[in-house]
Amino acid sequence: MQKIKSLMTRQGLKSPPENLSDLGAIESLRVPGKEEFRELREQPSDPQAEQELINSIEQVYFSTDSFDIVKYELEVSKKVADLILEKQPAYVKELERVTSLQTGLQLAAVICTNGRRHLNIAKEGFTQASLGLLANQRKRQLLIGLLKSLRTIKTLQRTDVRLSEMLEEEDYPGAIQLCLECQKAASTFKHYSCISELNSKLQDTLEQIEEQLDVALSKICKNFDINHYTKVQQAYRLLGKTQTAMDQLHMHFTQAIHNTVFQVVLGYVELCSGNTDTKFQKLQYKDLCTHVTPDSYIPCLADLCKALWEVMLSYYRTMEWHEKHDNEDTTSAAEGSNMGTEETNFDRGYIKKKLEHGLTRIWQDVQLKVKTYLLGTDLSIFKYDDFIFVLDIISRLMQVGEEFCGSKSEVLQESIRKQSVNYFKNYHRTRLDELRMFLENETWELCPVKSNFSILQLHEFKFMEQSRSPSVSPSKQPASTSSKTVTLFEQYCSDGNPFEIQANHKDEETEDVLASNGYESDEQEKSAYQEYDSDSDVPEELKRDYVDEQTGDAPVKSVSRETLKSRKKSDYSLNKVNAPILTNTTLNVIRLVGKYMQMMNILKPIAFDVIHFMSQLFDYYLYAIYTFFGRNDSLESTGLGLSSSRLRTTLNRIQESLIDMEVSADPTATLTAAEERKEKVPSPHLSHLVVLTSGDTLYGLAERVVATESLVFLAEQFEFLQPHLDAVMPAVKKPFLQQFYSQTVSTASELRKPIYWIVAGKAIDYEQMLLLMANVKWDVKEIMSQHNIYVDALLKEFEQFNRRLNEVSKRVRIPLPVSNILWEHCIRLANRTIVEGYANVKKCSNEGRALMQLDFQQFLMKLEKLTDIRPIPDKEFVETYIKAYYLTENDMERWIKEHREYSTKQLTNLVQEPSVWPQSRIIFWMKKSSLWLHNLHQTIIVLRK
């Protein structure tokens, strides 16, 4: 620095006033001296270093030998001096700034020293105490926060107690909400080591809540409670598992069905077995059902259906709950925010589809369980009423299924149909044999019923007046004031059960169908009953109802003791009451029809089989009446058309399809023939107590009237039932029903003619009249004014017939159609006997022909006073025959061709009378007429025998 200053002084420059001692470093720029070079030479040589040193020397020093180093250095020094002089003002300026900066730094050092001194004074006097207070306050706040955290942690530690209480109270939404809040709080304090254990505990608690929630959900399957289910659904919604809940719910319903039916059946099996062995609990449900006893079968079935009803009702109410809350949620979403609506709609749609699909699945499970129970027991040994009750329960269950999911219950229908058809075939065969027994023991006396008697008054037909089955408690029957049909789920939604059994479901209702005495007062009637009230004269076997030995069933409601009394009372002029004419057997057939219709009404798939069996009851009854009172092979030979072709066809069909005409079984018969014989019934035989040969009773007219008119009454009841049968008959089978009514039921009244014709043929002594006519002299020469005595004899016969008819009418009311048919038959036979008598005349004059007309006119005049029938039957038959005597030969030939109603003998008498007619013409007419005319007098002879 001093050298620089001296140099500046030599150059005439003013040096700066500051101390420039720091510039002494410039002295290092001087050229080394000789000593220094000597020292350098004495140092160990390093070739590489020396080479580097040589390389660092400027090249100019090695240019030429004449290079002047001193001059070069001086030039250089001069350049340096010039450069220094050039930069001297900047240097001076910078040197001044450095000096000023040095001064400022010195001042700053003094200020800092003073500041530190003052800070030490303040620290000792004020700051240390104040900051201590602030630090303590901050520590206090931290400790307060820590205390709150510890209290929260303590509360979290005690949360499990409150959760347990809430679970006991079944407050599942509150428990889940509390648990979720605790988990959220625990995540806030996760920096505490104790919280990790609490988190694990809360997670376990939440899983426990879900398990209890699943148990609570399973309780819904048997007893739906709206508040309980609402809590469960809210809880699952908080968990975000509504879909999982629905899946679990369906699983629980399936399990509930299985557990329910197993426990019900197991309870009855253990109860009836009388032991507490656990072997039954290890059986499969299918095997367990085979251990149900017949006595406990119906109660067990009823309880089974009641339990299954509770399950299905819970499912139905579950769907109702979701429909209601879906509507409420939709309304709330429309009024509020749309956030989360898409997810909610997806859950709602999933639940709706799941519930709808579950309907069919649950009903299918119910069907299979009930089917297994049905097939586990042989129902063929059941009594009719018990079997009907089983059908009633199954029918009600199928109705539940149809309302539940619209199912036609094909599984139940097929299983019960097979058993029903098999049961009904056996039952029907037994009833046919029973009907044959009744017919063979029937005395055909009137069973007195009231004049307003209707089959709807019978217990067996009560189901036709009720909208529901009598086997179900009537207290739950809704008032049918509105046109809307109330479903079972609506009817029993809040209370009751459609499968509740009445305590007296087997008790028969009281029937008021028997008639009382038409003349006596109540007290007199009671006295008259007391006269016959003693059973001392009644055999013991007649006091008992008939009981089937195979089934133990009293198949028809026997009148027995009451009927005996009623039959004794039939002496009390019951003909004065315009009551239906029927017998005890007729009433039993009607009751059977009612029972058949009950089964058909309950189980419509077997309607055709039932109606077919019903038609066989009517067929057999009709055939029996015809066999007992109307069969006479000579009737058709009269040519009067007493049996229509339709009636003959019907009788032939019944005989071929239903009547077993073989006396004993043929051991050589094929199996098919033996099976066909099982379907048939032996022809019935008339009771020996029924006398049809007494003229005083008009050859059993009372019995004939009761039998025939009871058949007509039975046909009328079938006509009344036709709309009901047609409604349940399958469409493809309706032609059978129509044919049955048109060709069988409608022919019942046609049996009157052949049956009453037999009475008419015996009631009048037509042979005696022929003998009297044969003794008359017809070849008189003058016209007579007095009729012959045979006319009076014939009229006396009719008067006696009228008296006997009146006597019979005192026992049995004779309907007007019956009376007319009897008179018509008698008159027709009398007129044809008259023609036959005239045809027997060998010689007759024209005056004799006039006498014939006189006799016939006298007969007609007196006869019209005895009967109201108009016109007189076969009047033209006689008059036309008498007039034929006056015809010419040509007219006679045409007349014979036109009148085929006369016999060959009668026509022969006409053509033989004129002696002038050629014999060849007589033979020609006889041969021609014999092809289509019949002989009446042979029939009369047969009837007399």
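Residues numbered from 1 in each chain as written. Predicted model: local features only at pLDDT ≥ 70, side-chain atom pairs only at ≥ 80, totals over all residues. Heavy atoms only, no water.

1. What to know about unusual backbone geometry
Turning to step 1, where the next piece is worked out: R870 connects to P871 through a cis peptide bond whose omega is -5°.
Turning to step 2, where the next piece is worked out: Topologically, P871 is positioned in the loop between α29 (846–866) and α30 (875–884).
Turning to step 3, where the next piece is worked out: At S409, a residue that is not glycine, the phi angle is positive and equals roughly 55°.
Turning to step 4, where the next piece is worked out: The residue S409 is located in the loop between α13 (384–405) and α14 (410–441) in this model.
Turning to step 5, where the next piece is worked out: A positive phi angle is found at W444, which is not glycine, with a value near 55°.
Turning to step 6, where the next piece is worked out: Of note, W444 is situated in the loop between α14 and α15 (488–491). (Helix = DSSP H or I, 4+ residues; strand = E, 2+ residues; numbered from the N terminus.)

2. A short note on the pattern of salt bridges
Turning to step 1, where the next piece is worked out: Inspection of the entire model under this criterion finds 22 salt bridges.
Turning to step 2, where the next piece is worked out: In this structure, E94 engages R97 in a salt bridge whose closest nitrogen and oxygen atoms are separated by 2.4 Å. Of this pair, E94 and R97 both sit in helix α4 (residues 69–157), 3 residues apart, which is roughly one turn of the helix.
Turning to step 3, where the next piece is worked out: The exposure class assigned to E94 is partly exposed, which follows from its relative accessible area of 38%.
Turning to step 4, where the next piece is worked out: Judged by its relative accessible area of 48%, R97 falls in the partly exposed class.
Turning to step 5, where the next piece is worked out: Two residues, K734 and D726, come together in a salt bridge whose shortest N-O distance is 3.7 Å. (Salt bridge = Lys/Arg side-chain N within 4 Å of Asp/Glu carboxyl O. Buried < 20%, exposed > 50% of the residue type's maximum accessible area, 1.4 Å probe, protein only.)

3. A word on the packing of α29 against α30
Turning to step 1, where the next piece is worked out: At a minimum axis separation of 10 Å, α29 and α30 run at an interaxial angle of 170°. Between α29 and α30, the crossing angle belongs to the class labelled roughly antiparallel. α30 is crossed by α29, and the crossing has left-handed handedness. Residues R849, M852, Q853, F856, Q857 and L860 of α29 form the contact with α30, whose own contacting residues are K875, V878, E879 and I882.
Turning to step 2, where the next piece is worked out: Split into classes, the residues belonging to the contact of α29 with α30 amount to 5 nonpolar, 2 polar and 3 charged. (Axes fitted to C-alpha atoms, helices over the stretch in contact; angles between N-to-C directions. Parallel < 35°, antiparallel > 145°, perpendicular 65-115°, else oblique. Left-handed = near helix turned anticlockwise from the far one by under 90°. Contact = heavy atoms within 4.5 Å. Nonpolar A, V, L, I, M, F, W, Y, C, P; charged D, E, K, R; others polar.)

4. Some words on the confidence of the model for the protein
Should the pLDDT be low somewhere, the predicted coordinates at that spot are not to be read in detail.
Turning to step 1, where the next piece is worked out: In the predicted model, the protein carries a mean pLDDT of 77, and the fraction of residues at 70 or more is 75%.
Turning to step 2, where the next piece is worked out: In this model residues 503–508 is a low-confidence stretch, pLDDT under 50, and it forms 4 contacts with partners more than four residues away in sequence or in other chains.
Turning to step 3, where the next piece is worked out: Per-residue pLDDT stays below 50 along residues 517–576; that stretch engages in 85 contacts with residues further than four places along the chain or on separate chains. (pLDDT = per-residue confidence, 0-100.)

5. A short note on helix α27 (residues 789–811)
Turning to step 1, where the next piece is worked out: For α27, which comprises 23 residues, the first-to-last C-alpha distance of 34 Å matches the rise-based estimate of 33 Å (1.5 Å per residue) to within 8%.
Turning to step 2, where the next piece is worked out: Where α27 is concerned, the buried positions are Y790, V791, L794, L795, E797, F798, F801, R804, L805, V808 and S809.
Turning to step 3, where the next piece is worked out: Looking at the packing, one finds that the buried side of α27 touches α23 (701–728), α25 (752–763), α26 (766–774), α28 (816–839) and α29. (Expected span 1.5 Å × (residues − 1).)

6. Some points on the environment of N259
Turning to step 1, where the next piece is worked out: Structurally, N259 can be placed in helix α9 (residues 242–273).
Turning to step 2, where the next piece is worked out: With 26 residues separating them in the primary sequence, N259 and Y285 have C-alpha atoms 9.7 Å apart.

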